[in-house]
Each structure stands twice: as C-alpha cells, then as structure tokens.
Amino acid sequence: MTINQNSNQQPTTQSTEKMGKLVLLPIDAITSQEQVRKTFLNIDELAASILKEGLQMPITVTAPNANGQHTIIQGERRWRACKHAGLTHIQAIIKEEPQSEIQRIIAQLTENIQREDMSCEEIGQAIAELRKAGLSIKQISNALGKSDQWASVYHAVAYLPEYIQDLKGNLAINDPYVLRPLKNMYEEDAVITKELVETALKKKMNFTRSAVNELQKQLSKRLTLQKALEQNEEPTTATEELIKNIKKKFDQASEALPNNCKPSNNVRVYCWARPH
C-alpha cells in the first residue's frame, strides 16, 4: 500500500491511517542511530521519486520512548529522502518488541547488501560488529543467507590501511576479492606493494581479481629474492637460469671458432655470486 504523502490528513503518532502496525508518523518524531550504511547516495533522485509516486515501502521504527521519539531500525535512506523532499509525515511500521543490537545490525544488513551502492567496507564493518558481539562467521552467514566464504571475505576488508583505502576510492574498487589480497600484500610489505601498485597504475592496469593475483605473485618473488640476498645465497632457479644463458652464449661463440680452436668437452662454466 502506498499512502499519499501530500494528502491533507493530519496523522498522529498514535493511530491515524493505521493498518496493524502501519502508521503515518511525523518525520520530526523519528530519530536516527548508527547505521550499517555510512554513505547515502542519490538522495535527490529518491526524493523526487517519492514526491511523484509516493513512498513504496514504509520504514521500520521502534516503539516511542519516554519523549515520544521513534528510532529508525530500517529505512534511513528513505527517511532522509522524505525529509529532503519537504514531507512532514512518513509511512512507518512500529516494532513493539525490543530489538537487540545484533538483531538491528542483521536486519539492516539484510536490507542493504542487495544494493550495489553499499560499500564492501560498510558490509565488512557491520560483520565485524557482529563478531565483536559474539557471533561466529557461520552464524552471521546463516542469518544473512550467505556462504561462510562470503562473510569471511567481507570481514577481512572491514578496516583497510589508509593507502589501500585511497586506492579503493581513486579507482572505485568495491570488490572484496580485489581488496583483500591488496590489504594482505600491504601488510606483508608496504614498500614493495606500493612500488608494484604504482607501476601497475602507470601501465593503466585494471585492478581485476586476476590482475591483483599477478601482483601477489610478483610480491612473492621479490620477497623470496630479498630473503635469499639477505642470507648471502642466490636463489636456485635464478642461478640455474643464469648458467643456462651463459652456457648457451658460450656454445654459440664456440661454434664460430675454427675446429682446432674449439674448447674441449672438459671445459666447465662457473658462476660466482658477487660478495656484499
């Protein structure tokens, strides 16, 4: 049911236009609290749509407190849009039963994870709050109707290093399967990760899942080489490749020599690592 927000009715907080717990409430009788969604986009567009077509889905609020104020449980974006549109009343469903913090977060997540404009950080932070409240990843995934892997990946990107946050914002990355490996790389070695990322940016690389996996491989190789050098050792694979190349060039040069000048089969090629 859509109620005409521009009607001449003067509803009250108690019961006007009531169908069960569906009521029209004064917007000023509703307050906000911390939401899982931190950024509310396209409020102007939603406000225009509500003015034209009415509010298609009521918000959900708590029962009034001692001061007669209701608190939003679900629908803050719709409430903001109605305020922006200059409406004085809004459709609301009043939840008479008290709601725990866990129930509130799960209800908001369930509504918002379907929206493309909710950032993966916001989802991750909400999951982190549920973890702090004592829920396991499995309990969270079951409550949201998602897989354990889904919940784990989003939980991993709840709080990103500042450098990765900036990268996320500049490139509009909202894929946790891209951000999680970037975060892991940065935490493993921030300096080399920055070098790899900056090089990728200069090449105008698209930060897809496969591209970031390649960056992870490059980091792993760099760290392996760095560790070997610190231990005064040459990596086996690098040494073998170097010897092959030298031997190849040696053989090519030998072929160009007269027969009486060719080296014997007893000639060996040696390779020394330069001392530090």
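Predicted, not measured: the structure shown is a model, and the values here were computed from it.

### Side note on the confidence of the model for the protein
Then comes step 1: Mean pLDDT over the protein stands at 80; residues scoring 70 or higher make up 76%.
Then comes step 2: Low pLDDT, under 50, characterises residues 1–20; the stretch is placed with 36 contacts to residues that sit more than four places away or in other chains.
Then comes step 3: Low pLDDT, under 50, characterises residues 269–276; the predicted model gives this stretch six contacts beyond four residues in sequence or across chains.

### What to know about the pattern of salt bridges
Then comes step 1: Inspection of every chain in the model, using the stated rule, returns seven salt bridges.
Then comes step 2: Its salt-bridge partner being Lys132, residue Glu129 comes within 3.7 Å of it at the nearest N-O pair. Of the two residues, Glu129 and Lys132 are both situated in helix α4 (residues 120–132); the distance of three residues between them amounts to about one turn of the helix.
Then comes step 3: Here Glu129 falls in the partly exposed class, since its relative accessible area comes to 36%.
Then comes step 4: With relative accessibility at 62%, the residue Lys132 sits in the exposed group.
Then comes step 5: The partner of Lys217 in a salt bridge is Glu214, with the nearest N and O atoms 3.4 Å apart. Of this pair, Lys217 and Glu214 both sit in helix α10 (residues 209–230), three residues apart, which is roughly one turn of that helix.
Then comes step 6: Its relative accessible area of 49% is what places Lys217 among the partly exposed residues.

### So, the pairing of strand β3 (residues 59–62)
Then comes step 1: As paired elements, β3 and strand β5 (residues 89–95) share four bridges and run parallel to each other. Following the sheet pairing, Val61 is matched in β5 by Ile94.
Then comes step 2: Alignment of β3 against strand β4 (residues 70–74), held across two bridges, turns out to be antiparallel. Within β4, the position partnered with Thr60 by the bridge is Gln74.

Here is what the cut-offs are and how they apply
Residues numbered from 1 in each chain as written. Predicted model: local features only at pLDDT ≥ 70, side-chain atom pairs only at ≥ 80, totals over all residues. Heavy atoms only, no water. pLDDT = per-residue confidence, 0-100. Contact = heavy atoms within 4.5 Å. Salt bridge = Lys/Arg side-chain N within 4 Å of Asp/Glu carboxyl O. Helix = DSSP H or I, 4+ residues; strand = E, 2+ residues; numbered from the N terminus. Buried < 20%, exposed > 50% of the residue type's maximum accessible area, 1.4 Å probe, protein only. Pairing = 2+ DSSP bridges.

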